[in-house]
Amino acid sequence: MIRFAVAAVLVVVAALGVATDVLAAGSCRPTRDGKDRMEMSGGCPSGYVVRGACCESVRPISQPTGAYACPAGTMLRLGACVPRQ
């Protein structure tokens with residue numbers, strides 16, 4: 001009985017750790033006004049400021065035109081079109 005309780009506690013702790021990592025990974029998405037956000041690792045690079053647990057760009061990301069334009073509802077981030085959130 002005690003072994004089962006210990007095993008159950010370990011499973012719950014592991015599940016909470018994974019859930020926290022998943023939630024944190026998706027929290028630094030680009031803003032609606034086109035500002036890029038990234039995970040903060042030690043500090044923010046030049047041109048970024050601290051916003052919560054993320055680094056947010058000071059200026060909106062300029063969108064390319066022509067052959068490199070992203071479809072409606074997406075924006076360019078690190079060379080790839082990602083959905084606006």
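Refer to the structure presented above.
Not measured: the values here are computed from a predicted model.

If you walk through the whole model with that rule in mind, you get two salt bridges. The shortest N-O distance in the salt bridge between Glu-56 and Arg-37 comes to 3.5 Å. Highlighted residues: Glu-56 in strand β3 (residues 54-57) and Arg-37 in strand β1 (residues 37-39), separated in sequence by 19 residues. Taking the relative accessible area as the measure of exposure, Glu-56 reaches 11% and is therefore buried.

Moving on: the state of the cysteines. Under the counting rule described, the total for this entry stands at two disulfides. Paired through a disulfide, Cys-28 and Cys-54 show a sulfur-sulfur distance of 1.9 Å. With the S-S dihedral at roughly -85 degrees, the linkage between Cys-28 and Cys-54 falls on the left-handed side. Placement of the pair is Cys-28 in the loop between α1 (2-25) and β1 and Cys-54 in strand β3, with a sequence separation of 26 residues.

One open sheet accounts for three strands, arranged β1-β3-β2; its pairing is antiparallel. What marks the edges here is a single partner per strand, and that holds for β1 and β2 (48-51). This sheet shows a mean twist of 35 degrees between the axes of neighbouring strands, independent of strand direction. Where β2 meets β3, four bridges bridge the pair, whose relative direction is antiparallel. By the bridge assignment, Tyr-48 is partnered in β3 with Ser-57.

Bringing the side chain of Arg-37 into the picture now. Taking the relative accessible area as the measure of exposure, Arg-37 reaches 16% and is therefore buried. Engagement of the side chain of Arg-37 in a polar contact is seen with the backbone oxygen of Arg-51, the distance being 3.4 Å. In contact with Arg-37, not counting residues within four places along its chain, are Ser-27, Cys-28, Arg-29, Pro-30, Thr-31, Arg-51, Cys-54, Cys-55, Glu-56 and Arg-77.

What follows covers the environment of Pro-30. Topologically, Pro-30 is positioned in the loop between α1 and β1. Assessed through its relative accessible area of 6%, Pro-30 is described here as buried. Sequence separation of Pro-30 and Val-82 is 52 residues, and the distance between their C-alpha atoms is 8.9 Å.

What follows covers the pairing of strand β4 (residues 74-77). In this structure, β4 lies alongside strand β5 (residues 80-83), joined through four bridges in antiparallel fashion. Across the sheet, the residue bridging to Leu-76 is Cys-81, located in β5. Taking the residues between adjacent antiparallel strands as the criterion, β4 and β5 are bridged by two residues, where Leu-78 takes a positive phi near 55 degrees.

What counts, and at which threshold
- Residues numbered from 1 in each chain as written.
- Predicted model: local features only at pLDDT ≥ 70, side-chain atom pairs only at ≥ 80, totals over all residues.
- Heavy atoms only, no water.
- Salt bridge = Lys/Arg side-chain N within 4 Å of Asp/Glu carboxyl O.
- Helix = DSSP H or I, 4+ residues; strand = E, 2+ residues; numbered from the N terminus.
- Buried < 20%, exposed > 50% of the residue type's maximum accessible area, 1.4 Å probe, protein only.
- Disulfide = S-S within 2.5 Å.
- Pairing = 2+ DSSP bridges.
- Axes fitted to C-alpha atoms, helices over the stretch in contact; angles between N-to-C directions.
- Polar contact = N/O pair within 3.5 Å; in protein donor to acceptor, adjacent residues only side chain to side chain.
- Contact = heavy atoms within 4.5 Å.

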